[in-house]
Every structure is written in structure tokens, then in C-alpha cells.
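Each chain is listed here by its residues.
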Amino acid sequence: MARTAAVKRETKETSISLRLDVDGAGRYEIVTGLRIFDHLLSQLARHGLFDLNLSATGDDPHHLVEDVAICSAKHFAKPWR
């Protein structure tokens, strides 16, 4: 069973598209507009050996990080639960 899924979230504050392959190789493509957040997420993907594609925009850093966390939690729980 493939452990992949995609989550999209559109709110008044953010627009997020996230794709994850838990059995990946640590590849990532991350664009949030927050360089430190992009770096931290890339390290999770690289060292966690999962593939992560993330495109996210938001009205402020708080909402952006919060909604990426919501999408990530849904994403990890989605297909193999």
C-alpha cells in the first residue's frame, strides 16, 4: 500500500497545497515565503527520508505555519490509518 496523500487547504488567511510520500527518499520542494520555515521543513524531509512538496501562501507567518501544521497532521494520518 502506497503511503502517499495530498491535502489542499484554502482559508481567508492561507492557501496550502501539500503532498507527502512517507516512503520517499528525502526529496523536497518547499515554498512558503518564510526562509527559516522552508529550511526547517526541508530538514525534516531530508533526515526523515520522506518526500515533501509544499506550496503555501498566507497573510502572516502565524497563520501560515499554523495551517501548514494542520495540513501536515491530516496528511500523515490520511491513507494508512
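What you see is a predicted model, and the numbers here were worked out from it, not measured in a lab.

A look at the confidence of the model for the protein
- For the protein, mean pLDDT is 91; residues scoring 70 or higher make up 93% of the total.
- Element-level pLDDT for the protein is lowest in helix α2 (residues 61-77), with a mean of 88, against a maximum mean of 98 in strand β3 (residues 28-31).

Details of the environment of G48
- Mapped onto the fold, G48 is located in helix α1 (residues 35-48).
- Placed 22 residues apart in sequence, G48 and G26 show a C-alpha to C-alpha distance of 6.6 Å.

As for the side chain of T14
- Secondary-structure assignment places T14 in strand β2 (residues 14-21).
- On the accessibility criterion, T14 (3% relative accessible area) is buried.
- A distance of 2.5 Å separates a polar atom in the side chain of T14 from a polar atom in the side chain of D67.
- Non-local contacts of T14, meaning those with residues more than four positions away in its chain, are made with R9, T57, G58, H63, L64 and D67.

What counts and what doesn't
Residues numbered from 1 in each chain as written. Predicted model: local features only at pLDDT ≥ 70, side-chain atom pairs only at ≥ 80, totals over all residues. Heavy atoms only, no water. pLDDT = per-residue confidence, 0-100. Helix = DSSP H or I, 4+ residues; strand = E, 2+ residues; numbered from the N terminus. Buried < 20%, exposed > 50% of the residue type's maximum accessible area, 1.4 Å probe, protein only. Polar contact = N/O pair within 3.5 Å; in protein donor to acceptor, adjacent residues only side chain to side chain. Contact = heavy atoms within 4.5 Å.

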